[in-house]
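As a plain string of letters, each chain reads:
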Amino acid sequence: MAPGKHRILVTGACGQIGTELVRALRQRAGRDSVVATDVVEPGPALKTAGPFAVLDVTRRADVAAAVDRHEIDIVYHMAAILSAKGEQHPGLAWEVNINGTFNVLEAAREKGLTRVFCPSSIAVFGPETPREDTPQETVLRPKTMYGLTKVAGELLGDYYVRRHGLDVRGCRYPGIISHETLPGGGTTDYAVAIFFDAVRNGRYTCFLAPETRLPMMYMPDCLKATLDLMAADLGRLKHHSDFNLAAMSFSAEELAADIKKHIPGFIVDYKPDFRQAIADSWPKTIDDSAAREEWGWKPDFDLAAMTADMLGAVKRKMSAGGLP
Ligand code: AKB
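Residues numbered from 1 in each chain as written. Predicted model: local features only at pLDDT ≥ 70, side-chain atom pairs only at ≥ 80, totals over all residues. Heavy atoms only, no water.

1. Concerning the nonpolar core
Note the threshold: As used here, the term nonpolar core means buried Ala, Val, Leu, Ile, Met, Phe, Trp, Tyr and Cys residues forming a set that is joined through side-chain atoms within 4.5 Å. For the exposure calls, accessible area comes from a 1.4 Å probe over protein chains only, and a residue counts as buried if that area is under 20% of its type's maximum, exposed if over 50%, partly exposed in between. Going along the chain from the N terminus, every DSSP run of H or I of four or more residues is numbered as a helix, and every run of E of two or more is numbered as a strand. By definition, residues are in contact when any of their heavy atoms lie within 4.5 Å.
If you look at the biggest cluster of nonpolar residues, it comprises 41 residues, and the most contacted ones within it are I177, Y190, F195, F250, L255 and M306. Those elements giving two or more residues to this core turn out to be helix 6 (145-164), helix 7 (190-201), strand 10 (203-206), strand 11 (213-218), strand 13 (248-251), helix 9 (252-260), helix 10 (275-280) and helix 12 (303-319). In terms of residue count, the dominant contributor to this core is helix 7 (8 residues). If we ignore the near neighbours within four places in the chain, the residues touching F195 are I177, L255, I259, M306, T307, M310, L311 and V314.

2. A word on the pattern of salt bridges
Heads up, the condition is: We define a salt bridge as a side-chain nitrogen of Lys or Arg found within 4 Å of a carboxyl oxygen belonging to Asp or Glu.
This structure, assessed with the given rule, holds 20 salt bridges. In this structure, K317 and E180 form a salt bridge, with 3.9 Å as the shortest nitrogen-oxygen distance. Residue K317 is located in helix 12, and its partner E180 is located in the loop between strand 9 (175-177) and helix 7; the two are separated by 137 residues in the primary sequence. Note on E180: relative accessible area 36%, which makes it partly exposed. Because the salt bridges share partners, they merge into one network encompassing E20, R23, E180 and K317.

3. A look at the site of the ligand
How we decide: Summary of the distance rule: residues count as near a molecule or strand when at least one heavy atom falls within 4 Å of that molecule or strand. Two N or O atoms count as a polar contact when they lie within 3.5 Å, although within protein this holds only if one can serve as hydrogen donor and the other as acceptor, and sequence-adjacent residues are included solely when both atoms are side-chain atoms. Accessible areas in this description were obtained via Shrake-Rupley with a 1.4 Å probe; residue shielding takes into account the shown protein chains only. Cavity and pocket criteria rest on a 1 Å grid covering protein atoms alone: a 1.4 Å probe that fits but cannot get out defines a cavity, protein on both sides within 12 Å along at least 5 of 7 lines defines an open pocket, and an atom within 4 Å of a point defines a lining residue. More than half of a molecule's atoms lying within 2 Å of a cavity's or pocket's grid points is what places that molecule inside it.
Taken together, L82, S83, S121, I122, Y146, G186, T187, T188 and W282 make up all the residues around the ligand. One nitrogen or oxygen atom from the side chain of Y146 is found 2.7 Å from an oxygen atom belonging to the ligand. The backbone of T187 places a nitrogen or oxygen atom 2.7 Å from an oxygen atom of the ligand. Relative to its free-state accessible area of 250 Å², the ligand is covered by the protein chains to the extent of 94%. Taken atom by atom, the bulk of the ligand overlaps the largest pocket.

4. Some words on the layout of surface pockets
For the record, the criterion: Grid points are joined across faces, edges and corners, and a volume is the space filled by probe spheres set on the points. Following the grouping adopted for this structure description, the nonpolar residues are Ala, Val, Leu, Ile, Met, Phe, Trp, Tyr, Cys and Pro, the charged ones are Asp, Glu, Lys and Arg, and the polar ones are all others, Gly among them. Segmentation into domains, and thus their bounds, comes from an automatic or database assignment.
One number sums up the size of the largest pocket: a volume of about 870 Å³. Contributing elements (two or more residues each) for the lining of the largest pocket: helix 1 (16-29), helix 4 (83-88), helix 5 (90-111), strand 6 (120-121), helix 6 and strand 9. Among the elements that make up the lining of the largest pocket, the one with the highest residue count is helix 1 (3 residues). Taken together, the residues of the lining of the largest pocket break down into 22 nonpolar, 13 polar and 5 charged. Structurally, the lining of the largest pocket is a two-domain feature, drawing no fewer than three residues from each of domain 1 (8-175 + 217-244) and domain 2 (178-216 + 248-319).

5. Here's the deal with the sheet that holds strand 9
Put simply, the rule reads: What makes two strands pair is DSSP finding at least two bridges between them. To obtain each axis, a line is fitted to C-alpha atoms, and for helices this fit is confined to the stretch in contact; angles are then taken between N-to-C directions over 0 to 180 degrees.
Spatially, 3 strands are ordered 9-11-13 in an open sheet, and the strand pairing comes out mixed. Unpaired on one side and paired on the other, strand 9 and strand 13 mark the two borders of the sheet. Between one strand axis and the next, the sheet turns through 45° on average, direction left out of account. For strand 11 and strand 13, the ladder comprises 4 bridges, and the chain directions are antiparallel. Following the sheet pairing, P215 is matched in strand 13 by S249. Contacts between helix 7 and the sheet are confined to strand 9, strand 11 and strand 13, with strand 9 contributing the most and set at about 25° to the helix.

6. A word on the domain arrangement of the protein chain
Heads up, the rule is: Buried area: the accessible area, evaluated with a 1.4 Å probe, that two parts lose upon being put together, summed over both parts.
Per the domain assignment, the segments making up the protein chain are domain 1 (8-175 + 217-244) and domain 2 (178-216 + 248-319). Distance between the C-alpha centres of domain 1 and domain 2: 22 Å. The interface is formed by 42 residues belonging to domain 1 together with 41 residues belonging to domain 2. For the domain 1 and domain 2 pair, buried surface summed over both sides reaches about 3,600 Å², with 59% attributable to carbon and sulfur atoms. For domain 1, the biggest contributors to the area lost against domain 2 are Q16, R131 and Y218; these three give 22% of the whole. Connecting domain 1 to domain 2 are 2 salt bridges. Close ionic contact of E180 with R23 constitutes a salt bridge, the shortest N to O distance being 3.7 Å. Along the contact surface separating domain 1 from domain 2 lie 22 residue pairs in polar contact (both at pLDDT 80 or more). Going through the elements one at a time, helix 1, helix 4, strand 11, helix 8 (219-231) and strand 12 (243-244) are the ones with two or more residues in the side of domain 1 that touches domain 2. Looking at the side of domain 1 that touches domain 2, the element that brings in the most residues is helix 8, giving 7 residues. When its residues are assigned to classes, the side of domain 1 that touches domain 2 shows 18 nonpolar, 12 polar and 12 charged.

If you want it as structure tokens, here you go:
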């Protein structure tokens, strides 16, 4: 391999963020330098776009073997069970989020990898955390299985930095909004589904109450944050695995109102389910000043810009017959 070139492995590459992250990494590093992996076989687009391997992160030996086989030196560990699915399948969430993360970090330590990205989430916070402008350093007492696995992941990442000198980085993603691959099993998923139903049917039934306000981010900003954090100068980082990250915050009814500016007849009704209690335990807004200071984080998309871009993309998909 040419000096300065990295071999990158992405776990959870068929997921909402993984799919687009693989594409962004390949644009930067070259098609063959990025090995996409997931526990499931990918759709045809990902399968033909570059190297792909089936990998179950809960199998420690398989993770280590994949790192060896593909001569990997950077891992983006995107495989995770999200908040709503984690409440329905707590054992699976523990296996994938705790043991999977431990397996990736152990492989990285044993093989001497240069850098690992382990994302966290606003789910690390809980009802005792201040909900407005949630600080970087604050109470971490989540009430969901997903949240507690993400707290453990942050602590584990920082432990590997301190104890083993492994360069582990991560940020607390808010809800991510995108149109390429649908999210699965999250509490913030409504903010994606609403766009597809608005364009397809002109109406949407929301599983959160209208006034529920949560921190959110559009996918281009999510990719920018991920890649910028991984490219940041290590010497400037005081934090490692737990950066607060923010772009926009809105309630379900504010998002619906913004969509109505483009689709005036759009109707939303609200039938809160078990995910309401999860959303109610999370922050409304986040203070991300540490990310801004330590690696220059700054989002590009606010609610209006995101809504216009999402609707354009979803409408183009519908005209091309490609709506999921
Ligand atoms: C979820 O809703 O579970 C995720 C998250 C905020 O981490 N999107």
